[in-house]
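# Examination of the molecular architecture
The residues making up each chain are set out below.
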Amino acid sequence: MSKIQEFHQLHTGKELLILGNAWDLLSALLLEEAGFKAIGTTSWGIANSLGYADGELIDFDRHLSIIKAISNNVKIPVSADIEAGYGSDQKTILENVLRTADIGVAGINIEDSLKKQKGLRSLKEHCHLLEAMRMMLDNRGYHDFYINARTDTYFQMLEPFSETIERAKFYVESGASGIFIPGLVDEEEIKAITSNIDAPINLLSLPGLTDCHKLKEIGVKRFSFGNALSDKIIAYLKMNASQILKEQNTACLYEK
């Protein structure tokens, strides 16, 4: 079984797929060692590790080299977060998607937000992109490659529920394998979306949305923690660094 097939199947079983979100090779290897069944890269975490803010500010080649290092060195499937595709036109985005598939990942996250201005791509434009993406991947032999279509309705709209349902349905019809809805936390809305969308729903860990057992019960198939783990590690590093200078003592480095 290929990693693409393996990753696809992880979304169809009874268990909730919890992705280990990695930002470099070391974090990916440690997440694999901990027992995660798949890795999802975090664009925010990768950007932070290189001294940038999130939002496609890194050169795509540099971003892709980190994803490639992860994909080449873990045995479990990897899904690459490529934000909105690192391109201002469909041709560039499709080329970047194919380059990402070619390095051995099993899937991607692709979002509908605009990067140079606020707002979302029009429904028609994004569906056309997804259709072209699926056709291109199939034609290159990447059948079942996992396109996780992220919609940022809950980050950008005051009343996102109905727009989310509409976009999710059309994205699935256009070739998306699953739908990622960061910012969705209301239990009743989650239930409504999981029961009305014929594809696995991926949610993002947020304060108040952390219980995987509960999410499994209400139909969520995939759960990711994004940059939360990398942020926590950075905060821990800063705290210890400050403590060393304040106390003029390195004892904190050896405390268990």
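Here is a short report on the structure shown in this document. (Residues numbered from 1 in each chain as written. Predicted model: local features only at pLDDT ≥ 70, side-chain atom pairs only at ≥ 80, totals over all residues. Heavy atoms only, no water.)

## Side note on the packing of aromatic side chains
Rule in force here: Two aromatic rings from Phe, Tyr or Trp, using only the six-membered ring of Trp, form a pair when their centres are within 6.5 Å; if the ring planes differ by under 30 degrees the pair is stacked, by over 60 it is edge-to-face, and anything between is tilted. Every helix listed is a DSSP run of H or I at least four residues long, and every strand listed is a run of E at least two residues long, numbered separately from the N terminus.
All told, the structure shown has four aromatic pairs when counted by the stated rule. Between phenylalanine 36 and phenylalanine 225 the ring centres are 6.1 Å apart and the planes differ by 70°, which places this aromatic pair in the edge-to-face class. One end of the pair, phenylalanine 36, is in the loop between α2 (25-34) and β3 (39-41); the other, phenylalanine 225, is in the loop between β9 (222-224) and α11 (228-247), with 189 residues separating them in the sequence.

## Quick notes on the packing of helix α4 (residues 60-73) against helix α5 (residues 90-102)
Stated precisely, the cut-off is as follows: With axes taken as lines fitted to C-alpha atoms, and helix axes fitted only over the stretch in contact, angles between N-to-C directions fall between 0 and 180 degrees. Roughly parallel covers angles under 35 degrees, roughly antiparallel covers those over 145, roughly perpendicular covers 65 to 115, and oblique covers all other angles. A crossing counts as left-handed when the near helix is turned anticlockwise from the far one by less than a right angle, and as right-handed when that turn is clockwise. Two residues qualify as a contact provided that any one of their heavy atoms is within 4.5 Å of a heavy atom in the partner residue. Residue type decides the class: Asp, Glu, Lys and Arg count as charged, Ala, Val, Leu, Ile, Met, Phe, Trp, Tyr, Cys and Pro as nonpolar, and the leftover types, Gly among them, as polar.
Following both chains from N to C, one finds α4 and α5 inclined at 25°, their axes separated by 10 Å at the closest point. Judged by the inter-axis angle, α4 sits roughly parallel to α5. Crossing geometry of α4 relative to α5 is assigned as right-handed. Mapping the contact onto sequence places Phe60, Asp61 and Leu64 in α4 and Asn96, Arg99 and Thr100 in α5. Partitioning the contact of α4 with α5 into residue classes produces two nonpolar, two polar and two charged.

## Here's the deal with the environment of leucine 130
Structurally, leucine 130 can be placed in helix α6 (residues 123-139). Considering only alpha carbons, one finds leucine 130 and leucine 204, 74 residues apart in sequence, at a separation of 22 Å. Ignoring anything within four residues of it in the chain, the contact list for leucine 130 reads Ile110, Ile147, Ala149, Tyr171 and Ser174.

## Overview of the environment of serine 122
Locating serine 122 in the fold gives a position in the loop between β5 (107-111) and α6. For the pair serine 122 and leucine 94, spaced 28 residues apart in sequence, the C-alpha to C-alpha distance is 17 Å.

## Let's talk about α5
The line we're drawing: Expected helix span is computed as 1.5 Å times (number of residues minus one). Buried means the residue's accessible area, taken with a 1.4 Å probe over protein chains only, is under 20% of the maximum for its type, while exposed means over 50%, and partly exposed covers the values in between. Definition of a polar contact: a pair of N or O atoms within 3.5 Å, with one able to donate and the other able to accept a hydrogen when the atoms are protein atoms, and with sequence-neighbouring residues admitted only if both atoms are side-chain atoms.
Taking 1.5 Å per residue, 13 residues should reach 18 Å; α5 reaches 18 Å between its end C-alpha atoms and fits that length. Inspection of α5 places Ile93, Leu94, Asn96, Val97, Leu98, Thr100 and Ala101 among the buried residues, and these make up the whole buried set. The elements touched by buried residues of α5 are α4, β4 (78-81), β5 and α6. Between the side-chain oxygen at the start of α5 and the backbone nitrogen of lysine 91 there is a gap of 3.2 Å, and the oxygen is on aspartate 89.

## Some thoughts on the nonpolar core
So the rule is basically this: What makes a nonpolar core is a set of buried Ala, Val, Leu, Ile, Met, Phe, Trp, Tyr and Cys residues whose side-chain atoms join them at distances within 4.5 Å.
Ranked by size, the top nonpolar core spans 69 residues in total, and within it Met133, Leu137, Phe145, Ile179 and Leu203 carry the most contacts. Looking at this core, the element that brings in the most residues is α6, giving eight residues. Every residue in contact with isoleucine 179, bar those within four places of it in the chain, is listed here: Asn148, Ala149, Thr151, Ala168, Tyr171, Val172, Ile197, Pro200, Ile201 and Asn202.

## Quick notes on unusual backbone geometry
Despite not being glycine, glutamate 56 has its phi angle at roughly 60°, a positive value. Following the sequence through the fold, glutamate 56 ends up in the loop between α3 (43-49) and α4. Its relative accessible area of 19% is what places glutamate 56 among the buried residues. Located in the positive-phi region is glutamine 248, a residue other than glycine, with phi close to 50°. Tracing the backbone through its elements, the reader meets glutamine 248 in the segment after α11. Residue glutamine 248 is classed as exposed on the basis of its relative accessible area, which comes to 65%.

## Focus on the pairing of strand β8 (residues 201-204)
Selection rule: Paired strands, as defined in this entry, are two strands with at least two bridges between them according to DSSP. Assignment of crossover handedness uses the view with strands pointing away from the viewer, where a clockwise path from the first strand over the helix to the second indicates a right-handed crossover.
With burial as the criterion, each face of β8 is covered, one bearing Ile201 and Leu203 and the other bearing Asn202 and Leu204. As paired strands, strand β7 (residues 178-180) and β8 are joined by two bridges and run parallel to one another. In the strand pairing of β8, isoleucine 179 is matched with isoleucine 201. Taking the sense of rotation as the criterion, the β-α-β connection linking β7, helix α9 (residues 187-196) and β8 turns out right-handed. Here β8 pairs with β9 via three bridges, running parallel.

In short, geometric facts, not functional conclusions.
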